[in-house]
Structures are given as C-alpha cells and as structure tokens.
Amino acid sequence: MMWNRKHILDMESLSVEEISAILDTADGLKEISERSIKKVPTLRGKTVVLFFHEPSTRTRVSFDIAAKRLSADSISIAASSSSIVKGETLIDTARNLEAMKPDVIVIRHASAGAPFLLSRKVSTPIINAGDGMHAHPSQALLDMMTVREVKGRLAGLRLAIVGDISHSRVARDDILGFTKMGAEVRLAGPPTMMPAGIDALGASVTYDFDEAIDGADVVMMLRIQKERQRSFLFPTEREYSRRYGLNIERLKKAKPDVMIMHPGPLNRGVEISPDVADSMGSAILDQVTNGVALRMALLYLVAGGMRHADDH
Ligand code: CP
C-alpha cells in the first residue's frame with residue numbers, strides 16, 4: 001500500500017491496513033539488526049529529533065538506534081536540559097525545533113494530548129512515544145509484531161492484560177490494536193485500577209486474575225505506576241502480588257504455550273515473579289529486540305523512506 005499518514009499518534013487512528021503495513025515493514029527491516037554492519041542508507045540525509053519529557057530506557061534508545069541503523073541523524077533532547085526549564089512553552093520549543101528543519105519529531109510527554117497538539121502546530125511529522133495515560137502506539141505495535149512472530153497470527157488469539165490498567169497507556173493502545181486485528185482481550189486488575197467504561201474499547205473486564213488467564217495465549221503484565229497514582233490504590237505490595245502477581249502456579253491456568261509479555265520496566269517480585277520473567281515462555285526481551293525494527297519501520301514510513309525502498 002502507499003503510505004499517506006503523516007503522524008503516528010495512537011492506535012485508534014490507525015486502520016487495519018496501516019497496522020498490517022507497519023508490521024510487515026518491521027518484519028522486513030528486522031534482519032538489518034542481525035548483520036555485522038547494522039546500517040542501510042535508506043534515511044541518509046534525514047534528521048530525527050527525540051524530544052523526551054519523561055524518563056525512558058527502551059523507547060528512547062530504540063528510536064535512537066532505529067534512526068542510526070537507517071543512516072538518519074538523531075538528536076536527543078530532554079526537558080530537563082532544554083529551555084523549557086527557563087519557561088519556554090512546549091509549542092514554542094517545538095516551533096524552534098521545526099525551524100531547524102528536522103524530518104521527524106519523536107515526543108514523549110507526561111500530558112495526554114501533547115503530541116496531538118504539536119501535530120496541529122508544526123508541519124514536521126510527529127511520532128508519539130507515550131503521552132501521559134493516553135497512548136503509546138509504538139509499544140502496542142511492537143507487542144503485536146512479537147505476538148504475530150511467535151503465534152503466526154493475531155486474529156482469534158486470547159490476550160490477558162493484567163495490572164494497573166487505569167494508568168497504562170500501553171493497555172489502552174494494546175486493547176485498541178489487538179482487537180482491531182481480531183484478537184480477544186481480557187483485562188484483570190483491582191477495581192481501584194480499572195477505569196470505568198474501559199470495556200467500551202472492546203475488551204472484557206474481570207477483577208479475578210485466574211478468570212482472565214484461563215486459556216490465554218498471551219499474558220501481558222503491567223507495572224503499578226506509582227508515579228501517576230494520587231492515592232494508595234492497594235493495601236500492600238505483598239497483597240497486590242498475591243492477588244495480581246504472575247507466578248509459576250498461576251501460569252498453569254493459561255495455555256501450555258502461553259507467551260509472557262511485559263512492556264517494562266519490571267517490578268520483579270510484585271507483578272511478576274523472577275522465575276516467570278526469565279522463563280522459556282517469556283518474550284519480554286524479544287519485545288525489546290522487535291522495538292528497534294518496529295521503530296525503524298515507523299521512521300521509514302513517516303520520513304518518506306518508501307521512496308528510497310531500492311536503497312537496501
Ligand atoms: N515500555 C516503555 O515505554 O519503556 P521505557 O519507559 O523504558 O521507554
């Protein structure tokens with residue numbers, strides 16, 4: 001298909017055809033990272049700005065590596081070392097960045113909607129690398145890529161997403177993405193961490209982990225996002241772990257070939273036991289590996305790399 005979308009803002013706005021095109025492109029680009037010389041000239045002469053207002057390890061580094069593997073120049077700026085600390089607004093900062101003629105701006109921001117705002121204020125393509133509790137499309141897409149790689153399909157699979165659903169932009173975009181591609185999504189977590197009306201996105205809701213995991217093909221565990229919680233939403237970590245932690249015993253209720261996933265960072269011993277996180281069925285580091293190929297695909301598509309498809 002011809003790629004026409006300028007910004008990657010959330011899973012809600014992507015069509016099934018666009019999601020398939022991104023996943024197929026990422027599959028094709030993955031082998032570049034297996035080469036001894038991990039670089040192709042596809043985005044030579046392009047500039048990618050990584051503008052991160054929140055901490056990140058996986059997303060920031062993988063976008064940076066992705067840009068470099070495609071021969072783009074990448075520049076990272078953090079809010080703490082930018083003129084935002086002197087009072088410059090987000091829009092003024094973005095307009096000043098745009099004045100330096102980058103080809104893509106990748107932004108992570110604590111406020112939901114910040115990437116949407118920028119997409120209306122600047123003409124440079126914007127990729128949302130996570131905005132508040134709203135969306136994290138590149139994470140949902142790499143999750144779909146990883147499941148499709150292992151299971152060979154997405155349609156008809158049963159995915160359980162367990163934990164702090166309320167504060168999770170990953171959960172929201174995974175629900176939208178996986179259901180769009182024909183998977184069944186079940187959510188489980190404490191009532192205090194389950195937003196009212198989340199089932200309207202197409203997932204079923206339970207407060208019982210054992211019910212959610214029963215017959216699951218994929219179990220996606222989520223971290224408790226203490227930094228976003230305004231009040232205590234569970235009695236103790238020990239109690240939370242007993243009710244909503246994934247351990248070997250609980251895993252027996254899922255399918256024997258269940259995939260265990262987690263977007264990271266992990267809180268070992270809270271939402272996931274170390275033996276499960278490091279088990280054979282764990283795809284947690286495969287998600288990170290695929291994150292590079294998936295973000296190469298996003299940069300390639302929005303920066304116009306398709307016009308240079310014969311370069312590699
Ligand atoms: N999964 C994820 O977004 O991780 P980082 O916060 O480390 O980027």
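Here, every reference points to the structure presented above.
What you see is a predicted model, and the numbers here were worked out from it, not measured in a lab.

A. Local environment of the site of the ligand. In the vicinity of the ligand, the contacting residues are S56, T57, R58, T59, R108, H136, Q139, P263 and G264. Interatomic distance of 2.9 Å between a side-chain N/O atom of R108 and an oxygen atom of the ligand. At 2.8 Å, a backbone N or O of P263 approaches a nitrogen atom of the ligand. Coverage of the ligand by the protein amounts to 91% of the 260 Å² it exposes when considered alone. Across the shell around the ligand, the residue classes tally to one nonpolar, six polar and two charged. In terms of domain composition, the shell around the ligand takes at least three residues from each of domain 1 (16-134 + 288-311) and domain 2 (137-284).

B. A look at the packing of aromatic side chains. Applying the stated rule across the entire model yields one aromatic pair. Centre to centre, the rings of Y240 and Y244 are 5.7 Å apart; their planes meet at 40°, and the pair counts as tilted. Highlighted residues: Y240 and Y244, both in helix 8 (residues 237-244), separated by four residues, approximately one helical turn. There is no split in this pair, since Y240 and Y244 are both buried.

C. View of the side chain of T25. Counting through the fold element by element, T25 comes out in helix 1 (residues 16-29). Only 2.6 Å separates the side chain of T25 from the backbone oxygen of A21, close enough to count as a polar contact. With residues up to four places along the chain from it excluded, the contact list for T25 reads A297, Y300 and L301.

D. Structural context of the pattern of salt bridges. In the structure shown here, the tally under the stated rule is 17 salt bridges. Two residues, R35 and E31, come together in a salt bridge whose shortest N-O distance is 2.7 Å. Looking at E31, the relative accessible area reads 38%, which means it is partly exposed. Its salt-bridge partner being E54, residue R169 comes within 3.0 Å of it at the nearest N-O pair. Taken together, the residues span a long stretch of sequence, with R169 in helix 6 (residues 169-180) and E54 in the loop between strand 1 (47-52) and helix 2 (58-69) at a distance of 115 residues. Per residue, the accessibility class of R169 equals that of E54, and both read buried. Residues joined in a network through salt bridges with shared partners are D24, D27 and R148.

E. Examining the environment of R58 more closely. Here R58 is to be found in helix 2. Residue class for R58 comes out partly exposed when judged on its relative accessible area of 29%. Taking the C-alpha atoms as reference, R58 lies 27 Å from N96; in sequence the two are 38 residues apart. Excluding anything up to four places from it in sequence, R58 contacts P263, G264, P265, V288 and R295.

F. Up close: the side chain of D164. Relative to the helices and strands, D164 is located in the loop between strand 5 (158-162) and helix 6. Residue classification places D164 among the buried positions, given a relative accessible area of 0%. Engagement of the side chain of D164 in a polar contact is seen with the side chain of H167, the distance being 2.8 Å.

G. Up close: helix 3 (residues 90-98). The set of residues buried in helix 3 consists of L90, T93, A94, L97 and E98. Along the long axis of helix 3, the arc covered by the buried residues comes to 135°, so they all point the same way. Looking at the packing, one finds that the buried side of helix 3 touches strand 1, strand 2 (73-78), strand 3 (104-109) and helix 4 (114-121).

H. Representation of the packing of helix 1 against helix 11 (residues 284-302) within the structure. Interaxial distance between helix 1 and helix 11 falls to 8 Å at its minimum, and their mutual angle equals 115°. Crossing handedness for the pair helix 1 and helix 11: right-handed. Residues I22, L23, T25, A26 and L29 of helix 1 form the contact with helix 11, whose participating residues are A293, L294, M296, A297, L298, Y300 and L301. Looking at the contact of helix 1 with helix 11, its residues break down into 11 nonpolar, one polar and no charged.

What counts and how
- Chains are numbered independently. Their residues run from 1 in the order of the written sequence.
- Only residues with pLDDT of at least 70 get local features here, since the model is predicted, and only at 80 or more are side-chain atom pairs given and counted; chain-wide, interface and lining totals rely on the full set of residues.
- In computing side-chain values, all of the structure's heavy atoms are included and hydrogens and water are not.
- By convention in these notes, a residue is near a molecule or strand provided one of its non-hydrogen atoms lies within 4 Å of it.
- Counted as a polar contact is a pair of N or O atoms within 3.5 Å, where, for protein atoms, one must be capable of donating a hydrogen and the other of accepting one, and residues adjacent in sequence contribute only when both atoms are in side chains.
- Residue burial considers only the protein chains on display, and all accessible areas are found by Shrake-Rupley using a 1.4 Å probe.
- Gly is placed with the polar residues, together with every amino acid not listed as nonpolar (Ala, Val, Leu, Ile, Met, Phe, Trp, Tyr, Cys and Pro) or charged (Asp, Glu, Lys and Arg).
- Each domain's limits were defined by an automated method or a database of domain assignments.
- Centre distance within 6.5 Å is the pairing criterion for rings of Phe, Tyr and Trp, where only the six-membered ring of Trp is used; planes under 30 degrees apart are then read as stacked, over 60 as edge-to-face, and the remainder as tilted.
- Numbering of helices and strands starts at the N terminus; helices are DSSP runs of H or I of at least 4 residues and strands are runs of E of at least 2.
- Exposed residues in this analysis have more than 50% of their type's maximum accessible area, buried residues have under 20%, and partly exposed residues fall in between, with area computed by a 1.4 Å probe over protein chains only.
- Contacts are assigned to residue pairs with any non-hydrogen atoms lying within 4.5 Å of each other.
- Any carboxyl oxygen of Asp or Glu that lies within 4 Å of a side-chain nitrogen of Lys or Arg is treated as forming a salt bridge with it.
- The arc in question is the one spanned by the directions pointing from the helix axis to the C-beta atoms.
- Only the stretch in contact is used when fitting a helix axis, every axis being a line fitted to C-alpha atoms; angles between N-to-C directions are given from 0 to 180 degrees.
- Here a crossing is called left-handed whenever its near helix is offset anticlockwise from the far helix by less than a right angle, and right-handed whenever the offset is clockwise.

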